[in-house]
Structure formats: structure tokens, C-alpha cells
Amino acid sequence: MLPALSSSPRFPTLSKPNQSNHKISNLQTSESTEDHLLSSFNSPLELKQLHSHLIKTKTPLSLLPLTRVASVCAFTPSFFYAHQIFERTGKPAIIVWNSCLREFAEGDCPFDAILLFNRMLQFNVCPDKFTLSFVLKACTALLDISHGRVVHGFIEKLGFRPDVFLENPVVHLYASCGAIEDARLLFEKMSERDVGSWNIMINQMVKMRDVDGAYGLFTQMPDRNVRSWTSMISGFVQCGKPREAIDLFIKMEEEEGLPPSEVTVVAVLAACADLGALDVGKRVHQYSNLCGYNRNVRICNTAIDMYVKCGCLEDARDVFYEMKDRTVVSWSAMISGLAMHGQAEEALGLFYEMIEHGIKPNGVTFLGLLYACSHMGLVDEGRKFFDIMTRDYTITPKIEHYGCMVDLYSRAGLLEEAHEFIKKMPMSPNGVVWRALLGGCKVHLNTELAEEAFRNLFELDPLNDGYYVVLSNIYAESRRWEDVARVRKLMRDMGVKKTLAWSSITVDGVTHEFVAGDSSHPKAEEIYQGWDKLLPEMTRLGYVPNTSVVLLDMNEDEKLQVLFRHSEKLALVYGLLNTPSTLPIRIMKNLRVCEDCHAAFKVITSICNREVIVRDRSRFHCFKDGFCSCRDYW
């Protein structure tokens, strides 16, 4: 008996019908032992011992797990021995080696597939198209274009072209490795392309942020599947074109009648979040729930973000608390959403609840917490969170965290502390950090630090109009008119133009956009008359127009006319005239809401008994019953 098997029970022959139950039990035990031996060898030596045993017991070699034989012998001198076993079982050796290649290519060490391919060539094992497809898969996983080119050479040499089964992976390899021109050349030369060929090129071009090139290919596709549409929708979202993404999704529904996949839903919800397209976002979320996608954590997380950014905090809460499995992303999204809506206390409370649930926070979690503290003046709490993220959770603060701390100090009027904090940063401060200090200087009228912040911003981003405007406003409020003129001249000399402020409101699925003094809207006169009707009652309730926000050289009457035609006021009046009184009015603004509009909105919500939700460039203002969720700290 073989030494390695000397302690093993001898495999019995089948028992006769009159044998005892005890012997039947031994048979079952022996069969179980044999099964174990057949799958537990870990070296060529153990395989050879098992092979000897199978010969002695006249057990067919076909019972051996051949893929395991291949993996055990692949990188040893017993490679040819394994090959002989395959021949004796009657199974083509290439099929077994391909199975092994596939395991390696899809496993934790895909480079083993490349090594095995080389061994196969050394032992004159002729590859077939499946062999080459698995090696290409390994090369793509490793982004190994040099070995990939070798495999491509074998495809050409062995005459496997044209064959999309192999050509598609080669295109995918080149594109994934950044050789997009090579990928495009091979794609163009393909005599036959399937939908997968087009999808590969579109996906890779999107990853390289060539969304226009990807869309050009998309429009040429003879046939498209859900993946094609989803790739293009996702591409628009990733490249900052949410409107195009939503338009394409609607086209996919209406023209093709294709049901969105879970990946499509995520992409469309993300687009709706960026654009504030609540109607489409709600419809897509309801569809995903009907399809059972509410168990998909990624969809739920994106839905939370969508509802938060569309001003529907209660809907975001509903999604969050209905989730059975919440990840750190879920908790962080909800904490950040509460912070954006001025619900700092609830955001902090949710953090402690998260810790009680055993969820470890990450950098995004603390970013949301610091944002909550900075927008509600919770200086001590902000300091504490910045400290414990490093001390208790070993999270190294990124520049975004430092930016939040500077914003926290600056908003609270601790400008010198903010300045010192910037000086001690372990990395060079970026525009976000200096902009936070500049914003605090505007609130607290510190021209000296404002000038230093502007000097640094001018070096980092000299074409950003916002910095010039803020500094000019600080000078104007300090009545330093010569400095105002100097800043405006600098803007002209640099070719910098002020960003046009706009506000938008969506009514019955149609988005209406307004700019200051807009008279182009079909209902402009009706909107102006609506404002004029509101003004006497607003004045009676204590509204006093703040003409200091109009930084133009004109008389008070002219300033009032400019003030009353601010874009957010026009959007609000349009909403009052054209939406049901029971619904909140939701307004999007590309810049910060001005002080006068903020004061006016509080008064109007008291008069009209309406809830108004304004999303500006950094946060939400939820106006109701004469109050704002920001508590006038913004």
C-alpha cells in the first residue's frame, strides 16, 4: 500500500445483499473518504499517490477533477504528466487547460493565466479561441497591454479573425489600457460588429471623458440594448451633463420602450439629483420600487441623494429608514442631506445613532458633520469632530475637511483663527479654502484679510469671476468706491465677465428659467403685477427693501426696480401664480441667494401660507411661516 494512504481505510467492493447493515455503513463511509481524497490533493506527489491508488482499486481516472489536476501541475515539472492523464481520460487536453485558465483569469491572481499560457506554448499545446479569450481577460484585468499584443498576434497568426468573440476582447483590452486609437482602428476594421462591440467603445470613451465622441458612436449604432443606453446616460452624468442624460432616458422610454435596468436607475437618479428634476426622479424611483429594486442598496443611496438635492428631505428620510441594510454610504448621505437643509442637530444625532449601530464612519461622514457645524455656527462641535476623526478613527483629513474648518471659523467671525488654521495646514490651501475665508470676510467686513485671500485666489484661479465680485462687494459695503472701480477694471483687463445669475422653477414638467430683470418670459407682465400686489402687504409686515445689495451707481428708485426684479423673486411669483396652494414651491439658483430676497421670502411665506424651498449653490433654504431653516446663519 502507498505510504500516503497507509492509514486510510481500504476501498471495499460492493457488499452482497445478505451483508450486515454495519458493512453497508462502512461502504458509505469509504465512498465518502474516496470523494474526499479525489478533491484534496495539493501537489503532484499527492496526485501521483492518488493515481496509484486508483489504478490498484481499478477506479476510473475519469473520476479525477481534471481542472484541479491542471492547476496543481501547471507550474511544476509534472506539466506533461498532467497532460498524459488528460489523454487517458479521453477528454481533450485543451478543454481542461482552458478551464484552468479561466479560473486563473477570473481569480485573485490573473497573471497565473499568462504564465500558464506560456507553459502551454512550451509544451506545444495548441491554443484555441477560448484559450486566447481567457488570456485576454487576464491581460485586461492587469492592464497588461504588452502580453495582450502577443495574444492579439496569435489571433492573427492562427487565423481566428474575423470573430467578434475574440475581436471584442482585444478592442476592450486596448481601450482599457488607454490605447484608444488602436482600439478604434481595430473596431473600424471589424467586418462584423455586434452590439457588444459598440458598447465596449462607448464605455471606454466615456471613461476617458470623451462623451461627445461616445455619443457620436451611439447615434451610429444599428441596434441598441439597455446597456448601450445606460452607458451613454451614465456618461452624460459623469461629464456634468445631467440634462442630456435625462433627455436621453426619456427618449429610451418613449422611442425604444426599453425598461431601465438597476444600473440605468442609478444613473438617472444621479442626473435628477444634479439637475433638481424631482418629477422624473420620483417617477423613476417609484418604478424601481415596483420592480423590487428597493433592495438594491446603491439605488436607495442614490435616491436619498436625489431627494435631498431636490429639497424633499422627508422623502429622503423615508427611503433611509425603510432600508433593511444601510451602509456607511447610506448614513453619510443622510447626514450630509440634513446638513444641507440646516438640520444640524438631527445630523449630529444621526451620527451617534450610526455609531450605536456599529457602523464605522469614513471621511465623507465627517465632511457632512463639519458642513453641518459650519452652517449652523457649532464651532465647539466642529472642533471636536475634526479632532476625533483622526484620534479615534485614524482618518487623515483631506483638503475638503480643512476647507470646512476654515468655513466654520470664518462664518463664526473667528477670522484670525481661520487664517492661522490655514497657515498650519499640512498641504497647500486650494481655492475652496481661501474662498471660505473670503466669504467670512464679507460677512464680517474684514478688508485686510479679504485682500490677502483674494491675492491667493488670484494666483490659483485668476479667471473666476466670483472672487472679484465678493471683494468688490466688500469694498462697496465699506464705501471704498475707488477700490471697487479698481477691482472692476482688473476684471476687464483680465477678460473676466460676471456670471449671470439665474433661477429656475419646474411646473407641470416644464422648467422655467429667469434672469434678473427678465422680460422675455411670456408671463413677464403677469409676474410683475403679482409682485406689485404682494409689496404693500409685505411692507405692512415689516419688509424693508435692502438696496445696499445693488452695487450699482444709480438712485434709490432705480435700485428698487433692480432689486424687485431679482431672478429668484420672479421665479417665486411665477410659482405662486401657477402651482396649487397645497404644494411647496421649489426654486433652483446658480448663485448665493441675496440678503434682500432671503428677507422677502420669509415675509411672503407668511402672507401666502406657502412653503418655499430654494437650492442655491451651497445649501437649501426652506422658508415657512416667516422663518428659514438656516435661522439666518448663512
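None of these values were measured; they are calculated from a predicted model. (Residues numbered from 1 in each chain as written. Predicted model: local features only at pLDDT ≥ 70, side-chain atom pairs only at ≥ 80, totals over all residues. Heavy atoms only, no water.)

Visitor: Is there a simple way to explain the overall build of the protein chain in this structure?
Guide: Helices and strands together make up the secondary structure of the protein chain, namely 32 helices and six strands. Taken along the three principal axes of its C-alpha coordinates, the protein chain extends 110 × 60 × 50 Å. Considering the protein chain as a whole, with its 634 residues, one finds that 48% of them fall into the buried category. Contacts in the protein chain between residues far apart in sequence, at least 24 positions, make up 62% of those at least 6 positions apart. Counting every atom, the protein chain has about 31200 Å² of accessible surface; 52% of that belongs to carbon and sulfur. One way to put it: in the protein chain the 69 positive side-chain charges average out to a point 5 Å from where the 78 negative ones average out. (Helix = DSSP H or I, 4+ residues; strand = E, 2+ residues; numbered from the N terminus. Buried < 20%, exposed > 50% of the residue type's maximum accessible area, 1.4 Å probe, protein only. Contact = heavy atoms within 4.5 Å. Areas by Shrake-Rupley, 256 points an atom, 1.4 Å probe, with all protein chains shown as cover. Lys, Arg positive; Asp, Glu negative; His and termini not counted. Charge placed at Lys NZ, Arg CZ, Asp CG, Glu CD.)

Visitor: Explain the sheet that holds strand 6 (residues 627–628) to me, please; I cannot follow it from the model alone.
Guide: Where strands meet in a sheet, backbone hydrogen bonds hold them as pairs that are either parallel or antiparallel. Here six strands make up an open sheet; going across it, the order is 2-1-3-4-5-6 and the pairing mixed. A strand with exactly one partner marks an edge of an open sheet, and here the two such strands are strand 2 (510–515) and strand 6. Two elements, strand 1 (residues 502–507) and strand 3 (residues 585–589), share three bridges in a ladder whose sense is antiparallel. Bridging from a neighbouring strand, I505 pairs with I587 of strand 3. (Pairing = 2+ DSSP bridges.)

Visitor: Help me understand the pairing of strand 4 (residues 612–615) in this model?
Guide: On a regular strand, each side chain points to the face opposite its neighbour's, so the side chains alternate between the two faces of the sheet. Where burial is concerned, the two faces of strand 4 agree: the one with V612 and V614 and the one with I613 and R615 are both buried. Note: strand 3 against strand 4, four bridges, orientation parallel. Residue pairing in the sheet places R586 in a bridge with I613 of strand 4. Following the backbone out of strand 3, through helix 32 (residues 595–608) and into the adjacent parallel strand 4, one traces a crossover that is right-handed. Taking the residues that link successive antiparallel strands as the turn, the strand 4-strand 5 (residues 620–624) hairpin has four residues. (Right-handed = clockwise from strand over helix to strand, strands pointing away.)

Visitor: Sorry if this is basic, but what is going on with the pattern of salt bridges here?
Guide: Opposite charge on two side chains allows them to pair when their charged atoms are near. One pass over the structure, following the stated rule, counts 32 salt bridges. Two residues, D596 and K569, come together in a salt bridge whose shortest N-O distance is 2.8 Å. On the criterion of sequence distance, the pair formed by D596 in helix 32 and K569 in helix 31 (residues 567–578) is long-range, its members being 27 residues apart. Relative accessible area serves as the criterion here: at 1%, K569 is assigned to the buried category. (Salt bridge = Lys/Arg side-chain N within 4 Å of Asp/Glu carboxyl O.)

Visitor: Would you explain helix 28 (residues 481–494) in this entry?
Guide: Because each turn of an α-helix spans 3.6 residues, side chains separated by three or four positions end up pointing in the same direction. The terminal C-alpha atoms of helix 28 lie 20 Å apart, and with 14 residues this matches the ideal 20 Å at 1.5 Å per residue to within 8%. The inward-facing, buried residues of helix 28 contact helix 27 (465–477). Downstream of helix 28 by a residue or two, G495 has a phi angle that is positive, lying close to 75°. (Expected span 1.5 Å × (residues − 1).)

Visitor: Explanation requested: the layout of surface pockets in the structure shown.
Guide: Rolled over the atoms, a probe sized like a water molecule indicates the empty space that remains. The calculated volume of the second largest pocket comes to roughly 940 Å³. At six residues, helix 14 (residues 242–256) tops the list of elements feeding residues into the lining of the second largest pocket. (1 Å grid on protein atoms, 1.4 Å probe; cavity = no way out; pocket = protein on both sides within 12 Å on 5 of 7 lines; lining within 4 Å. Points joined across faces, edges and corners; volume = space filled by probe spheres on them.)

Visitor: Teacher, can you tell me more about the side chain of R119 here?
Guide: Inspection of the secondary structure assignment puts R119 in helix 6 (residues 111–122). For the buried R119, no salt bridge exists, and the shortest N-O distance to an oppositely charged side chain is 11 Å, to D112. Filtering out sequence-adjacent residues up to four positions away, R119 remains in contact with C73, A74, F75, T76, P77 and F79.

Visitor: Is there a simple way to think about the packing of aromatic side chains in this case?
Guide: Given two aromatic rings, one states the distance between the centres and the angle between the planes to describe the pair. Following the criterion strictly, the structure yields 28 aromatic pairs and no others. Relative to Y468, the ring of F454 lies with its centre 5.3 Å away and its plane at 75°, an arrangement referred to as edge-to-face. Placement of F454 in helix 26 (residues 447–460) and of Y468 in helix 27 is noted, with a sequence separation of 14 residues between them. Ring pairs connect the aromatic residues F351, Y352, F366, F385 and Y393, which therefore count as one cluster. Here the basic side chain of K48 rests over the ring of Y81, its NZ or CZ set 5.2 Å away from the ring centre. If you follow R224 out to its NZ or CZ, it ends over the ring of F218, 4.4 Å from the centre. (Phe/Tyr/Trp six-rings, centres within 6.5 Å; stacked < 30°, edge-to-face > 60°. Lys NZ or Arg CZ within 6 Å of the ring centre and 35° of its normal.)

Visitor: Can you help me understand the pairing of strand 1 in this one?
Guide: The pairing of strand 1 with strand 2 spans six bridges and is antiparallel. Each residue of the ladder has a partner; that of W502, found in strand 2, is V515. Remark: two residues form the turn of the hairpin made by strand 1 and strand 2, two consecutive strands paired antiparallel; D508 in that turn has positive phi of roughly 55°.

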